[in-house]
Amino acid sequence: MVNDRVIAKYIRLSSEDLDVETGEKEESVSVTAQRKLIENYIYEHTEFAGFPVKEYVDDGFSGTNFDRPAFQRMMDDARRGKLSVIIVKDLSRFGRDHLEVGNYLERILPILQVRLIAVNDGYDSACFDGMTGGMSVALHNIINAMYSRDLSAKVKSAQRTRAERGECLAAIPAFGYMKDPADKHHLLIDNEAAETVKQIFELVASGKKKREIISYLNSNGIMTPAEYKALHGIRKIAVTNTRTRLWDAGTINGIIRNECYIGVSVWNKTGNVCPGSGKQVKKDKSEWIRAEGTHEPIVSKELFCKANEVLEKSRRNRSTVRTSGTRKALFICPYCNHALRKTTSKKRYVCRMASSSGIEGCKTLRIDREKLERTILELVNVTSLLAEQPSGDQKFKGGTAAGDSEFSFRLGQIGQEQLRKKSEKLKIYTDYRSGSLTKEAYLEAYEKIVKQLSNLAKEEEQLKRKEEEWQEKQGRIALETDKLKAASALKEFDKGKLLTVIEKVLVYDDEHIEVRWKCREFNEMSIADRQYRREPSVEDGMPGEKLIRR
């Protein structure tokens, strides 16, 4: 085996594994059961004794979709030579698309020199020869794919039936509710969160402006739904991003429009683009399944209708005002992560959440528009010059100018070494046949040469991959440098054109900004992704300003 025989335990669980009648996961395919089965297999086979084991788990991902996070991490590790054995409960855990599974078994894993073991199927790629490990394995893969499609239809049918009965099918309950401990398909009111929901409905229905409501909620430290769910362990999310602790218009709108708060369960509002795809699309309202009176309402229908009427009226009024240009923000407030906007006089930029975030930094952020825009144009010019003429620590092209030839030179050396080793292998075989070399000496020399050839092949593959990545990187940087050069030719501030090269600009104050470039290599240059301040200067007897990096 290769790669120091690091063993990967791969475990997958999805909605395909539901018992159609009960809607519960089958115990035999649970994460715990799969883990125990694989660990027992490793323990019972002494050839794996003492070797490191790494676990990869995809919980909630269809076998027909190979774009699974843990699966992709596992394959990346395999490509980097970190794994030599992958063990799964059965081939359906690896995947249910027979064509894709066959591709992995026949081409990808053999090339990577990775052994695959499916315990319950009795499959071990080290013991199989030929395409797909034999007709039985190919047939097994086809059956898995057919089973997946059939079961998917049955599960959806069972879910539709339960939705029509008014059972809650959501994994995470709406803000203001919690799942009944006695019946996870039934909702109970979460009194603490429900008070916030009632308050929001009452404020909207009374005609309060959304900006005032947001300001009130943020200033009083009332937790957002995301923060509340994270704090109470309802949902495992990181609340490190400052934006997650701020109320905004989208969150308010989502609550006001949610019929759950009047005791109505709505299902099938979205669906996958195609079976196995993780991409969701909205469905037409005619396809929604609504069930009334499924749980206790938090607000009355009258209050719900009144709040939605006010919200719709506000939306219609706003729709009469049209904005021009791109809507994506360039300048961002670092304190709340929201966009800056121009004041009515257009002389300054201010945080658009200044009156509602409750954060002191947002309130005091007032930036001179002309100076800020001129600073960005200057910075684009400076960065463009550095990108075209890198020197010293400002190189960012990921290698030397001779990078391509360096790869070619080493690949040529490897090719010559491979030829020599193959000649050596032929020579020791000839010596063995002629009797000048004993069988033991021949086998020892043979194993040594095979190992050397294997190492050369691995190095060759890694170099070719690095060469491709290097060339791709050079092409991407060249393209981004052309965009930067075009942007540097701007005589006047043009947000749309600047957004082609800049992801965002964090603005702390008049003398402190931070630029995030779309091309990550620009961020690696000493001038990029740093803090700047403006200082008075006199050049050619004329007063002005210069850009100084802190």
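I will try to describe carefully the structure that is included in this document. Since the model is a prediction, treat every value here as computed from it, not as a measurement. Here the residue numbers are simple positions, counted from 1 along each chain's written sequence. Per-residue local features of the predicted model are confined to residues with pLDDT of at least 70, and side-chain atom pairs are confined, for both listing and counting, to 80 or more; whole-chain, interface and lining totals are unaffected and use all residues. Hydrogens and waters are ignored; side-chain quantities use all the structure's heavy atoms.

1. Observations concerning the overall build of the protein
Strands here are runs of E lasting at least two residues and helices are runs of H or I lasting at least four, both read from the DSSP assignment and numbered beginning at the N terminus. Of the regular secondary structure elements, the protein holds 16 helices and 19 strands. Out of the 550 residues in the protein, the part that is buried amounts to 39%. Contacts are assigned to residue pairs with any non-hydrogen atoms lying within 4.5 Å of each other. In the protein, the share of contacts with a sequence separation of at least 24, taken over all contacts with a separation of at least 6, comes to 64%. In this description, accessible areas are obtained by the Shrake-Rupley approach with a 1.4 Å probe, and a residue is regarded as covered only by the protein chains that are shown. Total accessible area computed for the protein in this model is approximately 31000 Å², and 50% of it derives from carbon and sulfur atoms. Note on exposure labels: buried denotes an accessible area under 20% of the residue type's maximum, exposed denotes more than 50%, and partly exposed covers the range between, all computed with a 1.4 Å probe on protein chains only.

2. Considering the side chain of Lys9
Mapped onto the secondary structure, Lys9 falls in strand S1 (residues 7–13). Residue class for Lys9 comes out buried when judged on its relative accessible area of 7%. Apart from the residues within four sequence positions on either side, Lys9 is in contact with Arg35, Ile38, Glu39, Ile42, Val53, Lys54, Glu55, Tyr56 and Ile87.

3. A look at the side chain of Asp124
With respect to the helices, strands and loops of the structure, Asp124 is situated in strand S5 (residues 123–124). Of the residues examined, Asp124 reaches a relative accessible area of 9% and is grouped as buried. A polar contact is formed between the side chain of Asp124 and the side chain of Arg115, at a distance of 2.6 Å. The definition of a polar contact used here is a pair of N or O atoms within 3.5 Å, where within protein one atom must be able to donate a hydrogen and the other to accept one, and adjacent residues in sequence count solely through side-chain atom pairs. At 3.0 Å, the side chain of Asp124 and the backbone nitrogen of Ala126 are in polar contact.

4. Some details on the sheet that holds strand S13 (residues 340–342)
Pairing between the strands of a sheet comes from backbone hydrogen bonds, and it takes one of two forms, parallel or antiparallel. A strand pair is defined by DSSP finding two or more bridges across the two strands. Pairing is antiparallel across the open sheet formed by three strands, whose spatial order is S13-S14-S15. In the strand order of this sheet, the two ends are held by S13 and strand S15 (366–368), each with one partner. Averaged over all neighbouring strand pairs, the angle between strand axes comes to 30 degrees, with direction disregarded. Judged from the three bridges that link them, strand S14 (residues 348–351) and S15 form a sheet pairing that is antiparallel. The partner of Tyr349 across the bridge, within S15, is Ile367. Every axis corresponds to a line fitted to the C-alpha atoms, with the helix fit spanning only the stretch in contact, and the corresponding angles, defined between N-to-C directions, vary from 0 to 180 degrees. Against the sheet, helix H12 (residues 369–388) makes contact with S13, S14 and S15, and its axis sits at roughly 65 degrees relative to S15, the strand it touches most.

5. Side note on helix H2 (residues 69–79)
Each full turn of the α-helix corresponds to 3.6 residues, which orients residues three or four apart in the same direction. Among the residues making up H2, those that are buried are Ala70, Phe71, Met74, Met75, Asp77 and Ala78. Relative to the axis of H2, the buried residues are bounded by an arc of 155 degrees and lie together on one face. Think of it as the arc spanned by the lines of direction from the helix axis to the C-beta atoms.

6. A closer look at the pairing of strand S6 (residues 177–180)
Note that S6 and strand S7 (residues 183–189) share four bridges and pair antiparallel. Its bridge partner lying in S7, Lys179 is registered against Leu187. From the end of S6 to the start of S7, which pair antiparallel, there are two residues.

7. Things to note about the packing of aromatic side chains
The way to describe two aromatic rings as a pair is by their centre distance and the angle between their planes. Two aromatic rings from Phe, Tyr or Trp, using only the six-membered ring of Trp, form a pair when their centres are within 6.5 Å; if the ring planes differ by under 30 degrees the pair is stacked, by over 60 it is edge-to-face, and anything between is tilted. One pass over the structure, following the stated rule, counts 18 aromatic pairs. Plain terms: the ring middles of Phe71 and Phe94 are 5.2 Å apart, the flat faces sit at 75 degrees to each other, and that makes the pair edge-to-face. On the criterion of sequence distance, the pair formed by Phe71 in helix H2 and Phe94 in helix H3 (residues 91–94) is long-range, its members being 23 residues apart. Judged by its relative accessible area of 0%, Phe94 falls in the buried class. Summarising the aromatic geometry, the rings of Tyr335 and Tyr508 are spaced 6.3 Å apart at their centres and angled 85 degrees between planes, so their arrangement reads as edge-to-face. In this pair, Tyr335 is assigned in the loop between strand S12 (331–332) and S13 and Tyr508 in strand S16 (residues 502–509), connecting sequence segments 173 residues apart. Following the ring pairs from residue to residue traces out a cluster consisting of Tyr10, Phe66, Phe71, Phe94 and Tyr104. Any Lys NZ or Arg CZ found within 6 Å of a ring centre and within 35 degrees of that ring's normal is scored as a charge over the ring. The lysine or arginine in question, Arg68, covers the ring of Phe66, its NZ or CZ lying 4.8 Å from the ring centre. Looking at Arg68, its charged tip hangs above the ring of Phe71, at a distance of 4.8 Å from the centre.

8. Let's talk about helix H7 (residues 210–219)
Regarding H7, the residues found buried are Lys210, Ile213, Ile214, Ser215, Leu217 and Asn218. Immediately downstream of H7, the backbone of Gly221 shows phi near 65 degrees, a positive value.

9. Notes on the packing of H2 against helix H4 (residues 98–112)
Two numbers describe how H2 lies on H4: the axes approach to 9 Å, and their chain directions differ by 45 degrees. By the angle between their axes, H2 is oblique relative to H4. Where H2 abuts H4, its residues Phe71, Met75, Ala78 and Arg79 lie against Tyr104, Ile108, Leu109 and Leu112. Note on angle classes: values under 35 degrees are labelled roughly parallel, values over 145 roughly antiparallel, values of 65 to 115 roughly perpendicular, and the remainder oblique.

10. Overview of the pattern of salt bridges
Any Lys or Arg side-chain nitrogen located within 4 Å of an Asp or Glu carboxyl oxygen qualifies as a salt bridge. Taken as a whole, this structure holds 22 salt bridges when the rule is applied. We note a salt bridge from Lys421 to Glu424, for which the minimum N-O separation is 3.8 Å. Residue Lys421 and its partner Glu424 are both found in helix H13 (residues 403–434); the two are separated by three residues, about one turn of the helix. Through salt bridges with shared partners, a single ionic network connects Lys9, Arg35, Glu39 and Glu55.

11. Concerning the packing of helix H6 (residues 191–205) against H7
The interhelical angle for the contact between H6 and H7, taken along N-to-C directions, is 150 degrees, at an axis separation of 10 Å. As the angle between them shows, H6 and H7 are arranged roughly antiparallel. Judged by the twist between their axes, the crossing of H6 over H7 is right-handed. Across the interface between the two elements, Gln199, Ile200, Leu203 and Val204 from H6 touch Ile213, Tyr216 and Leu217 from H7. Asp, Glu, Lys and Arg are counted as charged, while Ala, Val, Leu, Ile, Met, Phe, Trp, Tyr, Cys and Pro are counted as nonpolar; the rest, among them Gly, fall into the polar class. Among the residues making up the contact of H6 with H7, the classes are represented as six nonpolar, one polar and no charged. Should the near helix be turned anticlockwise from the far one by less than a right angle, the crossing is termed left-handed; should it be turned clockwise, right-handed.

12. Topic: a positive patch on the surface
Exposure above 30% relative accessible area and no salt bridge define the residues that can form patches, which grow by joining like charges within 9 Å and nonpolar side chains of Val, Leu, Ile, Met, Phe, Trp and Tyr within 5 Å. Charged-residue counts in this description rest on Lys and Arg as positive and Asp and Glu as negative, His and the chain ends being excluded. Here the site of a charge means atom NZ of a Lys, CZ of an Arg, CG of an Asp or CD of a Glu. A cluster of basic side chains, namely Lys209, Arg211, Arg341, Arg348 and Arg366, defines a positive patch on the protein surface. Take Arg211: it is sitting in helix H7.

13. Some remarks on the sheet that holds strand S2 (residues 53–59)
Strand order in the open sheet formed by five strands is S2-S1-S3-S4-S5, with mixed pairing between adjacent strands. Only two strands of the sheet have a single partner each, and these edge strands are S2 and S5. As paired elements, S1 and S2 share seven bridges and run parallel to each other. From the neighbouring strand, Lys9 faces S2, where its bridge partner is Glu55. Against the sheet, H2 contacts S1, S2 and strand S3 (85–88), and its axis sits at roughly 150 degrees relative to S2.

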